[in-house]
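Given next are the chains, with one letter for each unit.
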Amino acid sequence: PSRNHDAAAEAAASCDNTCLLSGAQNEHAAAIPDWNALGFAYYPTKSMVRYDWNGSTWGVGELSSDFNVNIHGLSNVLHYGQGLFEGLKAFHCKDGKVRVFNSPANAARMQSGAKRLAMPQVPTEVFNEAVDRAVLDNIDYVPPYGIGGALYIRPFLFGHGCKLGLGAAPEYSFCTITAPVGAYYKGNLEAVDALVVEDFDRAAPRGVGGIKAAGNYAPDTLPSALAKEKGFPVCLYLDAKEQAYVEEFSTSNFVAITADGSLVTPTSPSILPSCTKQVVLNVARELGMKVEERPLPYSELASLKEVAACGTAVVLTPISSITRSDEVLSFPTFEGIARLYNAITAIQCGEAEDKYGLTRVVGEKPLPQ
């Protein structure tokens, strides 16, 4: 880290996850998981990092084995939703290096959200420092190269302290927690079915859909649960004003390949700008694909060749069908989506050249034997 700090870490597991344990590292740290049993769920690690705002700048930050955050019951984040979060990953690569993927983009998105929610912005230097410290102190939990896993990184920023009326919070904190996650796909890409949400809207025009505010996600809990009851693992939202334009999936951006081979993605101020999507668009251009970023009428979906959900957790998830009331649109192939997916995951794990400077070396660990 480039900034001075005196951080001490104690390691202790903060929750039980004994079904994945394969043997403890030491008496203080959480056990190393059974790598092959990991999914996309929380698994305890060694420490988290926390920075506090002192009114004019961020403190030096400290590592802690205590994953609980104690705040006043009248904190802004609890009552007024003054909170943001990010999601990114670190990978154990082919050369043994551990690299963080695309963190400046996440830092910029959090800065945009902080400005909108009137919170102190976290400079990119501090954001990257927090990420690197969290990864380094938990490097034993980075899944080894070759199994398709990663260390998921969750930075979050929130306002707290006693505040009864709406206004600036007395205190702000910026934390970063990590968790090892397994390969989302255990083999080849798997397509899923999506359902258009018609009874609820994701974000209002001129609202906060374009930032990664914590409060944007709770309203999707009910629609997602209702969709899953009907057999649809993914929800698709249209624009709130007209219900005529595609916006995004519950937690992912919408990308598609047209009949002529172009890659198209919808634009709207209500859509959260996906950090992963920008990588997808750049790689598509490199592969010779025409890229279109424009409003996308729902009526155009029937002419699309391939559709995918795009985000950090999976990079790209092919969509096999989109259902709206009695209408079912099918997308039986995803060769183009798979090509993009393979190109990006190769960069992430060091199997392909990082032409865009997306990765940053944080540490190193032995390759699996």
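Residues numbered from 1 in each chain as written. Predicted model: local features only at pLDDT ≥ 70, side-chain atom pairs only at ≥ 80, totals over all residues. Heavy atoms only, no water.

Caption draft 1: Highlighting the overall build of the protein chain. The helix and strand tally for the protein chain stands at six helices and 17 strands. Here the protein chain has a C-alpha radius of gyration of 21 Å; the compact-globule value for 369 residues is 21 Å, and the two agree. Among the 369 residues that make up the protein chain, the fraction classed as buried is 51%. A fraction of 72% describes how many contacts in the protein chain between residues 6 or more apart in sequence connect residues 24 or more apart. Here the protein chain carries 30 positive and 40 negative side-chain charges, and the mean point of each set is 4 Å from the other. (Helix = DSSP H or I, 4+ residues; strand = E, 2+ residues; numbered from the N terminus. Rg over C-alpha atoms; globule rule 2.2 N^0.38 Å. Buried < 20%, exposed > 50% of the residue type's maximum accessible area, 1.4 Å probe, protein only. Contact = heavy atoms within 4.5 Å. Lys, Arg positive; Asp, Glu negative; His and termini not counted. Charge placed at Lys NZ, Arg CZ, Asp CG, Glu CD.)

Caption draft 2: How the structure looks around the pairing of strand β7 (residues 171–181). By the criterion of burial, β7 is predominantly enclosed, with 10 of the 11 residues buried. The pairing of strand β1 (residues 48–52) with β7 spans four bridges and is classified as antiparallel. If you follow Val 49 over to β7, its bridge partner there is Thr 176. (Pairing = 2+ DSSP bridges.)

Caption draft 3: Structural detail: the nonpolar core. In terms of nonpolar packing, the biggest core is built from 40 residues, with Leu 84, Val 100, Val 122, Phe 127, Val 135, Leu 157 and Phe 174 touching the most fellow members. Ranked by residues supplied to this core, first place goes to helix α3 (residues 124–137) with six residues. Look past the residues within four positions of Val 122 in its chain and what remains in contact with it is Trp 58, Met 110, Gln 111, Phe 127, Leu 157 and Phe 174. Residues Val 283, Val 291, Cys 310 and Ile 344 belong to the second largest nonpolar core, which totals 26 residues. (Core = buried A, V, L, I, M, F, W, Y, C linked by side-chain atoms within 4.5 Å.)

Caption draft 4: View of the packing of helix α2 (residues 103–116) against α3. Where α2 contacts α3, the axes come no closer than 9 Å and their chain directions differ by 125°. Overall, the two elements α2 and α3 adopt an arrangement that is oblique. In this structure, α2 meets α3 at a crossing whose hand is right-handed. Across the interface between the two elements, Ser 103, Pro 104, Asn 106, Ala 107, Met 110 and Gln 111 of α2 pack against Thr 124, Phe 127 and Asn 128 of α3. Across the contact of α2 with α3, the residue classes tally to four nonpolar, five polar and no charged. (Axes fitted to C-alpha atoms, helices over the stretch in contact; angles between N-to-C directions. Parallel < 35°, antiparallel > 145°, perpendicular 65-115°, else oblique. Left-handed = near helix turned anticlockwise from the far one by under 90°. Nonpolar A, V, L, I, M, F, W, Y, C, P; charged D, E, K, R; others polar.)

Caption draft 5: Region of the structure containing the packing of aromatic side chains. Evaluation of the coordinates by the stated rule reveals nine aromatic pairs. Their ring planes at 25° and their centres at 5.8 Å tell us that Phe 127 and Phe 174 sit as a pair that is stacked. Here Phe 127 is found in helix α3, whereas its partner Phe 174 is found in strand β7, with 47 residues between them in sequence. For Phe 127, a relative accessible area of 0% corresponds to the buried category. A relative accessible area of 0% means that Phe 174 is categorised as buried. Geometrically, the ring pair formed by Phe 249 and Phe 254 is stacked, given 5.5 Å between the ring centres and 20° between the ring planes. You'll find Phe 249 and Phe 254 in the same group, each marked buried. One aromatic cluster in this structure is built from Tyr 51, Trp 53, Trp 58, Phe 127 and Phe 174. In this structure, Arg 324 packs its charged tip against the face of Tyr 298, placed 4.7 Å from the ring centre. (Phe/Tyr/Trp six-rings, centres within 6.5 Å; stacked < 30°, edge-to-face > 60°. Lys NZ or Arg CZ within 6 Å of the ring centre and 35° of its normal.)

Caption draft 6: A look at the state of the cysteines. For the structure on display, the rule yields zero disulfides. Cysteine Cys 162 shares no disulfide, and the gap to the nearest cysteine sulfur, in Cys 175, comes to 20 Å. What makes Cys 162 partly exposed here is its relative accessible area of 49%. With no disulfide partner, Cys 310 has as its closest neighbouring cysteine sulfur the one in Cys 275, 10 Å distant. (Disulfide = S-S within 2.5 Å.)

Caption draft 7: Representation of helix α5 (residues 275–286) in the model. If you check α5, its first and last C-alpha atoms are 17 Å apart, about what 12 residues at 1.5 Å a residue would give, namely 16 Å. For α5, every residue scored as buried is listed here: Cys 275, Thr 276, Lys 277, Val 279, Val 280, Leu 281, Val 283 and Ala 284. The backbone nitrogen of Thr 276 lies 3.2 Å from a side-chain oxygen of the residue at the head of α5, namely Ser 274. Among the residues trailing α5, Gly 288 stands out with phi positive, at a value near 90°. (Expected span 1.5 Å × (residues − 1). Polar contact = N/O pair within 3.5 Å; in protein donor to acceptor, adjacent residues only side chain to side chain.)

Caption draft 8: How the structure looks around α3. With 14 residues, α3 should cover 20 Å at 1.5 Å per step; its first-to-last C-alpha distance of 20 Å lies within 8% of that length. Most of α3 sits inside the fold, with 11 of its 14 residues counted as buried. Residues of α3 that are buried: Val 126, Phe 127, Asn 128, Glu 129, Ala 130, Val 131, Asp 132, Arg 133, Ala 134, Val 135 and Asp 137.

Caption draft 9: Summary view of the packing of α5 against helix α6 (residues 335–348). Put simply, α5 and α6 touch, their axes get as near as 10 Å, and they point 110° apart. As far as their axial angle goes, α6 and α5 are roughly perpendicular. Taken together, the residues of α6 that come into contact with α5 (itself represented by Val 279, Val 280, Val 283 and Ala 284) are Leu 340, Ala 343, Ile 344 and Ile 347. Here the contact of α5 with α6 is built from residues that sort into eight nonpolar, no polar and no charged.

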